[in-house]
There are 2 protein chains.
Amino acid sequence: MGATKTEHFTDKQNSIATMAKALGHPARIAIVEYLIKMNECICGDIVNELPLAQPTVSQHLKELKNAGLIKGSIEGNSICYCIDEKTIEKLQNYFAAISKKLEKRNTCC
Amino acid sequence: MGATKTEHFTDKQNSIATMAKALGHPARIAIVEYLIKMNECICGDIVNELPLAQPTVSQHLKELKNAGLIKGSIEGNSICYCIDEKTIEKLQNYFAAISKKLEKRNTCC
DNA sequence: TATGTTTATCGTAATATTGCAATATTAAAC
DNA sequence: GTTTAATATTGCAATATTACGATAAACATA
C-alpha cells in the first residue's frame, strides 16, 4: 500500500504526528522562525524570504495552516500570517511532559 | 525536482526538521511513547505493540534511529531500544524557546 | 476598464514514504 | 550442526511530498 494507517492509532498520536510532520521540512521551520522573529503578523513578504518559488512557498504555507500551526487572514491585497500560539503550545507541552517523564526514569543503556 | 532543497537552509533548521519529520508519523509517536511508558529499555517486544507488520516496524525503528531519537543496542538474541534523551531534549528546548518568544510578542491578529 | 501586485490553484515531473511478503541474517537453544 | 527466535534487508506496489511553470483569482490603483 503506501498510505499511513492512521485508524490504528489514537487521536492524540495522530494529532501530534500531524503537527510534527508539518514541521518536518526546513522551509516550514524557516517560515515559522521568520514569523516569530518578526515579532508580529506578516502581511506579504514571506515569499521573498525563502529560496523557493512562489507556488512552492504557497504550498508550504497551506500545509502549516492545515496543521493549525499558522493562521492567515486577508488584509486587503495581501495576506496576513501569524503563528497559532495554541498549537505551538500543544507541542511544547507534549515535549515538556516527555522530558519530565524521562528525568525520573530508571537509568539503563 | 521533488527532493527537499536542504542546502538552502541552515544546519539548525535542517536538524530540527529532521527530528520533527521522524516524529511525523503516528507509528513512530507510538513507539516513542511506548519506550517512555515502559520506563526502561525494551528488548524485543516492540513489534507486538504495534498494528503493523514486522518489516514496517523495523523500518520505523530505523528512521527513529537515523534521526537520533532512539538508540538500539544488541542484547543477545534481541535488540534493546532506548529513547535518546539528548535529542528529545533538543526538541524540547527548541519549543520552549519558541514559546518564550511568543509570550512577549506584540499582540496582533 | 485596464494594469500591476499578491496569493492560490492546476498540472505534472521527480523523488520520498508507507507497507508488506519474501528472504536474509544473527544468535541463542537444542 | 539443526532448529528456533528476533530483527534486518530486499523488492515492489500504492501513495504522498516537493518543486515549479503556467494560469487564475482577488484586489488596489491608475
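To be clear, the structure that these remarks concern was listed above.
This part is about the state of the cysteines. Here, the word disulfide means a covalent bond between the sulfur atoms of two cysteines. All names here are of chain A. Using the criterion set out here, one finds two disulfides over all chains in the structure. There is a disulfide in this structure between Cys 41 and Cys 82, and the S-S distance comes to 2.2 Å. One end of the pair, Cys 41, is in the loop between helix H2 (26–37) and strand S1 (42–43); the other, Cys 82, is in strand S3 (residues 78–83), with 41 residues separating them in the sequence. When its relative accessible area of 12% is taken as the criterion, Cys 41 is described as buried.

Residue and element names in this part refer to chain A. With respect to the secondary-structure elements, Ala 30 resides in helix H2. Among the residues examined, Ala 30 registers a relative accessible area of 10% and is labelled buried. Spatially, the C-alpha atoms of Ala 30 and Glu 49 are 8.9 Å apart, while their sequence positions differ by 19 residues.

Residues and elements named next belong to chain B. Where strand S2 (residues 70–75) meets strand S3 (residues 78–83), six bridges bridge the pair, whose relative direction is antiparallel. By the bridge assignment, Lys 71 is partnered in S3 with Cys 82. Adjacent in sequence and paired antiparallel, S2 and S3 are bridged by two residues, among which Gly 76 carries a positive phi angle near 65°.

What follows covers the nonpolar core. By size, the foremost hydrophobic cluster in this structure holds 66 residues, and its most contacted members are Leu23(A), Ile46(A), Leu23(B) and Ile46(B). If sequence neighbours within four positions are ignored, Leu23(A) has contacts with Ile29(A), Val32(A), Leu64(A), Leu69(A), Leu91(A), Ala17(B), Ala20(B) and Phe95(B).

Opposite the 43 residues of chain B that make contact, chain A presents 43 residues. Summed over both sides, the interface of chain B with chain A buries roughly 4,200 Å², with 70% coming from carbon and sulfur. Summed over the three residues of chain B that lose the most area to chain A, namely Phe9(B), Phe95(B) and Arg105(B), the buried surface amounts to 14% of that side. Taken together, chain B and chain A are joined by zero salt bridges. Scanning the region where chain B abuts chain A turns up six residue pairs in polar contact (both at pLDDT 80 or more). Every element with two or more residues in the side of chain B that touches chain A is listed here: helix H1 (11–22), helix H2 (26–37), S3 and helix H5 (85–103) of chain B. The leading source of residues in the side of chain B that touches chain A is H5(B), at eleven residues.

All names here are of chain A. Overall, the coordinates contain two salt bridges over all chains when judged by the stated rule. The partner of Glu 63 in a salt bridge is Arg 28, and the shortest N-O contact between them spans 3.1 Å. In this pair, Glu 63 sits in helix H4 (residues 54–66) while Arg 28 sits in helix H2, placing the two residues 35 residues apart along the sequence.

For a regular strand, side-chain orientation follows a simple rule: the groups alternate between the two sheet faces. Where S1(A) meets S3(A), two bridges bridge the pair, whose relative direction is antiparallel. Of the residues in S3(A), the one forming a bridge with Ile42(A) is Tyr81(A).

We now examine the sheet that holds S3(B). All names here are of chain B. In spatial order, the strands read S1-S3-S2; together these three strands make up an open sheet with antiparallel pairing. Edge positions in the open sheet fall to strand S1 (42–43) and S2, since each of these has one partner strand only. Across the sheet, helix H4 (residues 54–66) is in contact with S2 and S3; its angle to S2 comes to roughly 115°.

Rules of the game
Residues numbered from 1 in each chain as written. Chains lettered and ligands numbered in written order. Predicted model: local features only at pLDDT ≥ 70, side-chain atom pairs only at ≥ 80, totals over all residues. Heavy atoms only, no water. Disulfide = S-S within 2.5 Å. Helix = DSSP H or I, 4+ residues; strand = E, 2+ residues; numbered from the N terminus. Buried < 20%, exposed > 50% of the residue type's maximum accessible area, 1.4 Å probe, protein only. Pairing = 2+ DSSP bridges. Core = buried A, V, L, I, M, F, W, Y, C linked by side-chain atoms within 4.5 Å. Contact = heavy atoms within 4.5 Å. Buried area = accessible area lost by both parts, 1.4 Å probe. Salt bridge = Lys/Arg side-chain N within 4 Å of Asp/Glu carboxyl O. Polar contact = N/O pair within 3.5 Å; in protein donor to acceptor, adjacent residues only side chain to side chain. Axes fitted to C-alpha atoms, helices over the stretch in contact; angles between N-to-C directions.

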